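Here's the letter readout for the chains.
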Amino acid sequence: MSAPVRHILKFSDLSKDEVMRIIDCAKLLKAHPEKFEDRMHRETLLMLFEKPSLRTRVSFETGMTQMGGHAIFYSVADSPLGKKETFGDTGKVLSRMVNVVMARLNKRTDIRQLADNSTIPIINALDDFAHPCQMLADLLTIIEKKGKVEGLTLAYCGDLRNNVTYDLMRLASVMGFTINVAGPEGPGYSPEEEVLEECKELCAKSGGAVHVFTKCAEEAVTGADVVYCDSWMSYGIPADESKSRIEKFMPFQVTGAVMSKAKPDAIFMNCLPAARGMEQTAEVIDGPQSVVFDEAENRLHAQKALLLFLCNKKMTIE
């Protein structure tokens, strides 16, 4: 009897051991890409996009090509998907045609409906609740730069009601390290209680910790090993809210002065795209502690490993 199909809709859909298998494979893929050039031979990935993305499309499409497979780009904007045809029906159709689906959708309910009706793996490439692919790339980057995650503290500054924030919290909670998140509080800004409860349960098993700060960035950053930012204007936020959001978030901007509160060897991360003068200043993202472009490259290697994992392909080399 075959194993049940796996879907990765949020980071915590993976166990710590599974995560490390993927990270170890990603290291091999990065060092020896030629050893994996046929691992996805005759396999097809469908990439569903409701939101645009440079890194997500290029990394997944390039990754499939490098492993001997094929990727199809499909824009939801050009289709009846979600209107004339349900995500559930789409999942049933795609299960008969391709081997794996990567979907970047607006709503968590849509990707859940897609997964619930699919007999092939569904990968969440970002929705309004999670961004597990980014987390694997981030973890690979942290391990490359720090050698481990045990005992580390990651400080996230900015929007706390955000898919990246939620999965960073899950990342720390699954892997067993500390995350300090700092951002404004109140309706539309505070993290969803569901996420906080999930992280509390995960931390009880892993020894991790999630701390929420609401006054300023320095509270979270002091003594941190990793400092992380994301956009203040996520997809779907109306442009006319920009001025009020900037006012709310400015106390959580990462400046050179804020970075100086972290450990001297701290690294700075941003999942990109980044706006200089918004979530961080130019001196930070363009400075010597920034690893944002290593982080961006690691999307390619981590996602190749995730594809091999989900498609039950060999993840080691002789």
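Here is what the cut-offs are and how they apply
Residues numbered from 1 in each chain as written. Predicted model: local features only at pLDDT ≥ 70, side-chain atom pairs only at ≥ 80, totals over all residues. Heavy atoms only, no water. UniProt positions renumbered as here; feature names shortened; annotations may be inferred. Domains from an automatic or database assignment. Buried area = accessible area lost by both parts, 1.4 Å probe. Salt bridge = Lys/Arg side-chain N within 4 Å of Asp/Glu carboxyl O. Polar contact = N/O pair within 3.5 Å; in protein donor to acceptor, adjacent residues only side chain to side chain. Helix = DSSP H or I, 4+ residues; strand = E, 2+ residues; numbered from the N terminus. Nonpolar A, V, L, I, M, F, W, Y, C, P; charged D, E, K, R; others polar.

- In the nomenclature of an unreviewed UniProt entry, the chain corresponds to ornithine carbamoyltransferase from the organism Monocercomonoides exilis.
- As its UniProt record puts it under Sequence similarities (unreviewed entry), the chain is described as follows: "Belongs to the aspartate/ornithine carbamoyltransferase superfamily. OTCase family."

## Brief notes about the domain arrangement of the chain
Alright, step 1. For the chain, the domain assignment lists domain 1 (7-131 + 299-311) and domain 2 (134-295).
Alright, step 2. Centre-to-centre, using C-alpha coordinates, domain 1 lies 24 Å away from domain 2.
Alright, step 3. Counting the surface lost from both domain 1 and domain 2, the interface buries some 2400 Å², and carbon and sulfur atoms represent 63% of this.
Alright, step 4. It is F11, F129 and H131 that lose the most area in domain 1 upon contact with domain 2, and together they represent 29% of the buried surface on that side.
Alright, step 5. A salt bridge links K30 to E144; its shortest N-O distance comes to 2.8 Å.
Alright, step 6. On the surface where domain 1 and domain 2 come into contact, there are 12 residue pairs in polar contact (both at pLDDT 80 or more).
Alright, step 7. Residue assignment for the side of domain 1 that touches domain 2 shows that the elements contributing at least two residues are α1 (16-31) and α12 (292-310).
Alright, step 8. When residues of the side of domain 1 that touches domain 2 are assigned to their parent elements, the largest contribution, eight residues, is made by α1.
Alright, step 9. Split into classes, the residues belonging to the side of domain 1 that touches domain 2 amount to 13 nonpolar, four polar and 11 charged.

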